[in-house]
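A closer look at the structure
In case you want the letters, here they are:
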Amino acid sequence: MDKEADSADPASADSGPSRKRRVHGMLKLYYGLNEEGKAADQPESLDPCDINGPHFDPEMYLNKLRRECSLGELMDQESCMVKQIRSLDSDMQTLVYENYNKFISATDTIRKMKNDFKKMEDEMDCLSANMAAITEFSACISGTLQDQHTQITKLSGVHTLLRKLQFLFELPARLNKCLELQAYAQAVCSYRRARCVLQQYSHLPSFKGIQDDCHAIMDKLAQELRMKFRDGGSSAKDLSECVELLLQLDEPAEELCDKFLSHARSRLEADLHGLEAEITPHLSAVTDGSSGSARRLSSLAVTGSPTDSSPKSSVLLSPSSKTDILEFIDRGCNEFVSSLCLVITSYQELFVNRSQTGELASKNIPQMANGKLQAFVDDLAARYFSLVERRIQEEKGVGDNSLLVRALDRFHRRLQAVAKLLPGSSVPSQGTEIVMRAANERVKQYLSALQSFYLDSLTDVRQALAAPRLTVASASGSATGAHHGGPSSGRDAPTSLPELLYSLSTSVVNQIKSVLASVHLFTAKDITFSNKPYFKGEFCSQGVRESLVVNFIKFVCQSSRQFCESAGDKGGSTPPALLLLLSRLCLDYETSTISYILTLTDEQFLVQHHSPVTAVTTLCAEAREAAQKLLNHYVKVQGLIISQMLRKSVETRDWVNTIEPRNVRAVMKRVVEDTTSIDVQVGLLYEEGVRKAHSSDSSKRTFSVYSSSRQQPRYAASYTPSAPMDTNLLSNIHKLFSERIDIFSSVEFNKVSVMTGIIKISLKTFLECVRLRTFGRYGLQQIQVDCHYLQMYLWRFVSDENLVHFLLDEIVGSTAHRCLDPAPMEQSVIEVICERG
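Residues numbered from 1 in each chain as written. Predicted model: local features only at pLDDT ≥ 70, side-chain atom pairs only at ≥ 80, totals over all residues. Heavy atoms only, no water.

Per the secondary structure count, the protein chain includes 30 helices and 0 strands. Here the protein chain, with 837 residues, has 41% of them falling under the buried criterion. Within the protein chain, residue pairs in contact and separated by at least 24 positions form 81% of the contacts whose partners lie at least 6 positions apart. Surface accessibility of the protein chain: about 45400 Å² in total, with carbon and sulfur atoms responsible for 54%. (Helix = DSSP H or I, 4+ residues; strand = E, 2+ residues; numbered from the N terminus. Buried < 20%, exposed > 50% of the residue type's maximum accessible area, 1.4 Å probe, protein only. Contact = heavy atoms within 4.5 Å. Areas by Shrake-Rupley, 256 points an atom, 1.4 Å probe, with all protein chains shown as cover.)

On the surface, a cluster of nonpolar side chains totalling about 720 Å² of accessible area is made up of M113, F117, M120, M124, L127, M131 and I134. With respect to the helices and strands, the residue M131 is situated in helix α5 (residues 100–181). A relative accessible area of 47% means that M131 is categorised as partly exposed. (Patch = residues over 30% accessible without salt bridge, like charges linked within 9 Å, V, L, I, M, F, W, Y side chains within 5 Å. Salt bridge = Lys/Arg side-chain N within 4 Å of Asp/Glu carboxyl O.)

Let's shift gears to the state of the cysteines. Under the criterion given, the structure shown has 0 disulfides. Just so you know, C620 is unpaired, no disulfide at all, and the nearest cysteine sulfur is the one on C557, 9.3 Å from it. (Disulfide = S-S within 2.5 Å.)

A contiguous patch of negative charge on the surface is contributed by E121, D122, E123 and D125. In this fold, D122 is placed in helix α5. (Lys, Arg positive; Asp, Glu negative; His and termini not counted. Charge placed at Lys NZ, Arg CZ, Asp CG, Glu CD.)

This paragraph deals with the nonpolar core. Counting residues in each nonpolar core, the largest one holds 190 residues, and the members touching the most others are F351, F376, Y384, V519, F522, L548 and F766. Discounting chain neighbours no more than four positions away, the residues touching L548 are V443, Y446, L447, L450, V515, L516, V519 and G543. (Core = buried A, V, L, I, M, F, W, Y, C linked by side-chain atoms within 4.5 Å.)

In this section: the packing of aromatic side chains. Under the criterion given, the structure shown has 12 aromatic pairs. Taking 6.2 Å as the distance between ring centres and 90° as the angle between the ring planes, the aromatic pair formed by Y454 and F552 counts as edge-to-face. Of this pair, Y454 sits in helix α16 (residues 427–466) while F552 sits in helix α20 (residues 533–562), and the two are 98 residues apart along the sequence. Overall, the relative accessible area of 0% leaves Y454 in the buried class. Measuring from ring centre to ring centre gives 6.2 Å for Y454 and F555, while their planes differ by 75°; the resulting arrangement is edge-to-face. Separated by 101 residues along the polypeptide, Y454 in helix α16 and F555 in helix α20 bring together distant segments of the chain. An aromatic cluster is built from F336, Y384, F385 and F411, whose rings are joined through pairwise contacts. The ring of Y686 has R584 lying over it, and the distance from NZ or CZ to the ring centre is 5.3 Å. Across from the ring centre of W655, 5.3 Å away, lies the NZ or CZ of R653, which sits over that ring. (Phe/Tyr/Trp six-rings, centres within 6.5 Å; stacked < 30°, edge-to-face > 60°. Lys NZ or Arg CZ within 6 Å of the ring centre and 35° of its normal.)

Further remarks concern the packing of helix α12 (residues 325–352) against helix α15 (residues 402–421). Packing of α12 against α15 leaves a shortest axis separation of 10 Å and a crossing angle of 0°. Taken together, the axes of α12 and α15 lie roughly parallel to each other. Between α12, through I325, L326, I329, D330, C333, N334, V337, S338, C341, I344, T345 and Q348, and α15, the contact on the second element is made entirely by L403, L404, R406, A407, R410, F411, R414, A417, V418 and L421. Residue composition of the contact of α12 with α15, by class: 14 nonpolar, 4 polar and 4 charged. (Axes fitted to C-alpha atoms, helices over the stretch in contact; angles between N-to-C directions. Parallel < 35°, antiparallel > 145°, perpendicular 65-115°, else oblique. Nonpolar A, V, L, I, M, F, W, Y, C, P; charged D, E, K, R; others polar.)

Let us now look at the environment of S496. Assignment of secondary structure puts S496 in the loop between α18 (478–484) and α19 (497–519). Assessed through its relative accessible area of 17%, S496 is described here as buried. When the C-alpha atoms of S496 and A464 are compared, they prove to be 9.7 Å apart, with 32 residues separating the residues in sequence.

Structurally, D409 is set in helix α15. A residue is classified by how much of its surface remains accessible, and D409, at 7% relative accessible area, is buried. Ignoring sequence-local partners within four residues, the contact set of D409 consists of D526, I527, T528 and F529.

Next up on the list: the packing of α19 against helix α21 (residues 576–605). Following both chains from N to C, one finds α19 and α21 inclined at 25°, their axes separated by 10 Å at the closest point. Relative to α21, the element α19 lies roughly parallel. Crossing of α19 over α21 shows right-handed handedness. Across the contact of α19 with α21, the residue classes break down as 19 nonpolar, 4 polar and 3 charged. (Left-handed = near helix turned anticlockwise from the far one by under 90°.)

What follows concerns the confidence of the model for the protein chain. On average, residues of the protein chain carry a pLDDT of 77, and 76% of them reach 70 or more. Overall, residues 282–321 carries pLDDT values under 50, and its contacts beyond four positions in sequence, including any with other chains, amount to 62 contacts. In the model, residues 470–494 has pLDDT below 50 throughout and makes 59 contacts with residues more than four positions away in sequence or in other chains. (pLDDT = per-residue confidence, 0-100.)

With that settled, the discussion passes to the pattern of salt bridges. Side-chain pairs of opposite charge can arise whenever the charged atoms involved come near each other. Following the criterion strictly, the structure yields 32 salt bridges and no others. One salt bridge in this structure joins E768 and K764, with 3.3 Å as the shortest N-O distance. Of the two residues, E768 and K764 both sit in helix α27 (residues 751–771), 4 residues apart, roughly one turn of that helix. For R771, the salt bridge is made with E768, and the minimal N-O distance between the two is 3.2 Å. You can see R771 and its partner E768 sitting in helix α27, 3 residues apart, about one turn around the helix. Accessibility expressed as a relative area gives 33% for E768, which makes it partly exposed. One continuous salt-bridge network, built from bridges that share partners, spans K764, E768, R771 and E810.

With that settled, consider α12. At C333, α12 shows its maximal bend, which comes to roughly 30°. The N-terminus of α12 is capped by D324, whose side-chain oxygen sits 3.1 Å from the backbone nitrogen of L326. (Bend = angle between axes of the 7 residues up to and from the residue. Polar contact = N/O pair within 3.5 Å; in protein donor to acceptor, adjacent residues only side chain to side chain.)

So, on to the environment of Y789. Within the secondary structure layout, Y789 lies in helix α28 (residues 777–794). Here Y789 falls in the buried class, since its relative accessible area comes to 7%. Linking Y789 and E835, residues 46 residues apart in sequence, is a C-alpha distance of 8.6 Å. Leave out the neighbours within four places in its chain, and Y789 touches V664, M668, K669, V672 and C834.

Take the side chain of T601 next. Structurally, T601 is set in helix α21. Given the relative accessible area of 0%, T601 is considered buried. Within the structure, T601 has its side chain in polar contact with the backbone oxygen of I597 (distance 2.8 Å). Every residue in contact with T601, bar those within four places of it in the chain, is listed here: L516, V544, R545, V549, L606 and V607.

Examined against the element boundaries, M81 turns out to sit in helix α4 (residues 71–98). Of the residues examined, M81 reaches a relative accessible area of 30% and is grouped as partly exposed. What M81 contacts, discounting residues up to four positions off in sequence, is I51 and Y61.

The structure is reproduced here in structure tokens:
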């Protein structure tokens, strides 16, 4: 039961709307209507058994059912028909109940309309009677006045003629009165009203006299207008009024155009002289300034350096101008540009846009006047633009960019008024070019300031590296020891290379960000020219990205490579630590800094690469090339420094008459100390690198080398007279099977590779110096001791200990070949001396 009740609920809920739709549908079907309430265009059914058709025959329908249907079907058909009848009756009652209120309302409305129409009919009858009475009265009045109408019209014409004659006879006096009161416009208007009549009746003596008097008076008035026109002190409004009155008096239009423009030129040139007065007295100060002072001025505006964190004052105003650039542009716009726009407007109203009638229409005055105006505007605008460019060139300080940007924005915005007034003029385009040149020049100034800042930063780094408190281990490595001639302790270093590198890199990147923020003012949304396609695309792509950022990155790489061009045995005056620091800086640029800076620029300026731009990969390749060149040069310089010590130690000693060795020479200890310092220095900036596996007796390889079965025949054979050929043969065979060592090959960006390159250069120099000397017995033994000492320490720094082993073996072998009495020292004695040393 519950289920049945539940299932009945939704049916009862939907019974209202669905029942109404069903009832309406059945009624429409009964009356043959479609959905729009119109009669459906359907053919009528002629079937007499169609219960819904107009030709339905009940008898035939019943006979058909009895023939075709069984008793049960007849009973079902009867019950179905009863249900439909009841449903239709119920639906009909429902429709009557639902529309009862509407029927009542319609009945009341019809009753009210009958009453209203009856009242309206009464009012219309009254109105018709009144109109008939008015028509009758009008006809009566017209008939009464018909006789006097002609006489009144005639008298009115006579009165009008008398007034005109009175005006003509009083015209000279009226013109004189206007001339006294300087009411020139009223005088011209009165004269023009009477001029045609006086000309028409000039054959009559009375009219001829009036005409002559008027001509004399108007000549005098025209003379006063010309004097006022040439006066120069009249306002633009008075000037326009004079021109208009003179044109009405048939003055030549071309002459008036020239006079109007000449008068306007005098006023506009006065404005230009006022602007020029703000530049000319100080121009000598600008022209006398050298490029060096400009660089110093630019560097003052750029704050921050690797070693100086104190803020520096920025230059806001040009030192050669009394007023700032914004005040100068404001004055130019408010005085010159505003006056120029007023002149253009007045001139066009008077000569160009003026309607031409009669003879003036055939002279084509607007075209002539427009040509003169174009030449006039172009001439004065060129002088104004020259002054603006001269004033912009005085803006050398790069501290605050907002004044210049606001001035250029105001300058560009005010020129748009000229573009609207004079569509064919080239003034707006020339002004836009000035804005673009000023923006590009500003970018060049920022580039110069960045370059100066970078060079100053390098100078600060060099000073920090040269400071006594900055020791070898933390900054300058063996360079300091080489220049000062003493061993380096590598302790008490308050400033290290990583700190200098971080400070230099950070300060340069921050300076680039600061410059980009200043340049970004040119592309602010409230700046009118920033949204113009002819400015923004070219400025952001070629101006900021290429001319500023890319050129500065190239400058960093090029200036760094220049440190590798110094000549000399010790690499010139460039500290080796600076070479190492710059190589790491360029490598960091290649790995991350360049892509970061360019991405920042593209995002900040929304750079659209429509024109060709420098790819990031190209800049990264250039930076990596610079880093590689700097690191190779660093290896060469450090190798030459150690080589110089080894060369002097070999050349300044008498190796034939030397005493028996008791100690390791001091220069070898110095070589080990400096190599250790260089290893520490390189390790501060570069990773360790990959080494080959070391043998367990790496520090004692000297014994196995110099006392081995391969070496003993070399020395033993030297004792016999027939030995030299065999010794040379063994040595040459050994070299054939040894791996070739490239001394000056490029190094990798890691500590092991750098140290390997330095040690290769040093030992190769040692070998070549040994080959140029002759040794005695004790000289050979001293070389053995020195090489064993070097083997004990240098194997730790190289990637392959066999390289050190081979070069030292070559040194001892060459010494043995150059020895007069080749008697090598016992290995145990060598070990004792080296351990004691």
